[in-house]
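Next come the chains, spelled out residue by residue.
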Amino acid sequence: MTALVARRLLALPLVAVAAAVLVFLLPRFSGQDTALAILRSRTGESDPDPAVLAALREQYGLDGSWWDQFTGWAGALLRGDLGISWTSRTPVSGLLWPALGVSLTLTVAALVLAALVGIPLGVRAARRPGGRLDRILTTGSVLGVAIPEFVLGTALVLAFAVTVPVLPATGWGDVDQAVLPVLTLAAFPAALAAQLVRAETVDALTRPHVAVARSKGISDGRVLWRHGGRLALTSVTSLSGLFLGGLLGGSVVVEVLFAIPGLGRLLYDAVLGQDLPVVQAGLLAIVLVAAVAGILAELLALALDPVARSAVR
């Protein structure tokens, strides 16, 4: 297991380098003139002065080759310098870290809620495949996956902030302000977790050691949770890192809808304003957080599954 941890940690620098290259290149494949977009957003002129445009390119280092721009940006990253925002003209680090903290709080809360709801429902539905609870779970999980976040979030706002005003519709900082966005963000992973746990538990209950446990007189409830649910929990845990990265990158809709000052909202505003340093730093942060979360999730899954742990050894 120590060797596995070492291999995963050694792979992190390669992931960081590959992510840095992609994050640098992708915005430049859009074909837009970044300097022209910035100048138009500031002045509103459709045809700005070429001299001013050239000066802006020189100021932000956009007049050099892509290689020069990349080496300059990567060198600054290695020194811990994320650059200066082109729109707010403040250090990117001062914008990125608070926003990342808000998004991580929102995402982790959504994952915890999804686990508390999805895992027990999946295990219970596996007890009687095809039963009433199983059919309800199947229908609910399909809806949870199919309904877009902006539709679900809007419906929750109309229900609990407009029709019955018991919760605030926007904002961040108080517990009641986090309820609606967490519910919106948790619906998709809860539906997936319930379906995955249900399928894994049904499969686990057909294995020989479960039949042996039942022959010893162990109750169905204990067999269900100890032998079926535990194995299913291992599968969900191993995927939780992917869930975290996906939710962190996909929280843009929720953060914009509920006016949450998180990383998704920061990237949304940065893309609209052609703020390339903020876009690059935000995307790189998402990739690195997802990579670290994937490693931690894999280690936790191994800790829960002694069979897989012995296989690694």
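Residues numbered from 1 in each chain as written. Predicted model: local features only at pLDDT ≥ 70, side-chain atom pairs only at ≥ 80, totals over all residues. Heavy atoms only, no water.

Attention shifts here to the environment of valine 182. Mapping valine 182 onto the fold places it in helix H8 (residues 175-204). In sequence terms valine 182 and threonine 107 are 75 residues apart; their C-alpha atoms lie 7.7 Å from each other. Dropping the residues within four chain positions of it, valine 182 is found in contact with Leu106, Ala109, Ala110 and Leu113. (Helix = DSSP H or I, 4+ residues; strand = E, 2+ residues; numbered from the N terminus. Contact = heavy atoms within 4.5 Å.)

Here helix H5 (residues 92-127) crosses helix H6 (residues 132-146) at 135°, and the two axes come no closer than 7 Å. Put simply, H5 runs oblique to H6. Once H5 is placed against H6, the crossing between them reads as left-handed. Residues Leu121, Gly122, Arg124 and Ala125 of H5 form the contact with H6, whose own contacting residues are Leu133, Asp134 and Leu137. In terms of residue class, the contact of H5 with H6 is built from 4 nonpolar, 1 polar and 2 charged. (Axes fitted to C-alpha atoms, helices over the stretch in contact; angles between N-to-C directions. Parallel < 35°, antiparallel > 145°, perpendicular 65-115°, else oblique. Left-handed = near helix turned anticlockwise from the far one by under 90°. Nonpolar A, V, L, I, M, F, W, Y, C, P; charged D, E, K, R; others polar.)

Moving on, we get to the packing of aromatic side chains. All told, the structure shown has 4 aromatic pairs when counted by the stated rule. Measuring from ring centre to ring centre gives 5.3 Å for phenylalanine 24 and phenylalanine 70, while their planes differ by 65°; the resulting arrangement is edge-to-face. One end of the pair, phenylalanine 24, is in helix H1 (residues 2-25); the other, phenylalanine 70, is in helix H4 (residues 66-78), and 46 residues separate them in sequence. Like phenylalanine 24, the residue phenylalanine 70 is buried in the burial classification. Ring plane angle 35° and centroid distance 6.3 Å describe the contact between tryptophan 67 and phenylalanine 70, whose orientation is recorded as tilted. Linking tryptophan 67 with phenylalanine 70, this pair stays in helix H4, spanning 3 residues, or about one helical turn. Using a relative accessible area of 18% as the deciding quantity, one classes phenylalanine 70 as buried. Among the aromatic residues, those joined into a cluster by ring pairs are Phe24, Trp67, Phe70 and Trp73. (Phe/Tyr/Trp six-rings, centres within 6.5 Å; stacked < 30°, edge-to-face > 60°. Buried < 20%, exposed > 50% of the residue type's maximum accessible area, 1.4 Å probe, protein only.)

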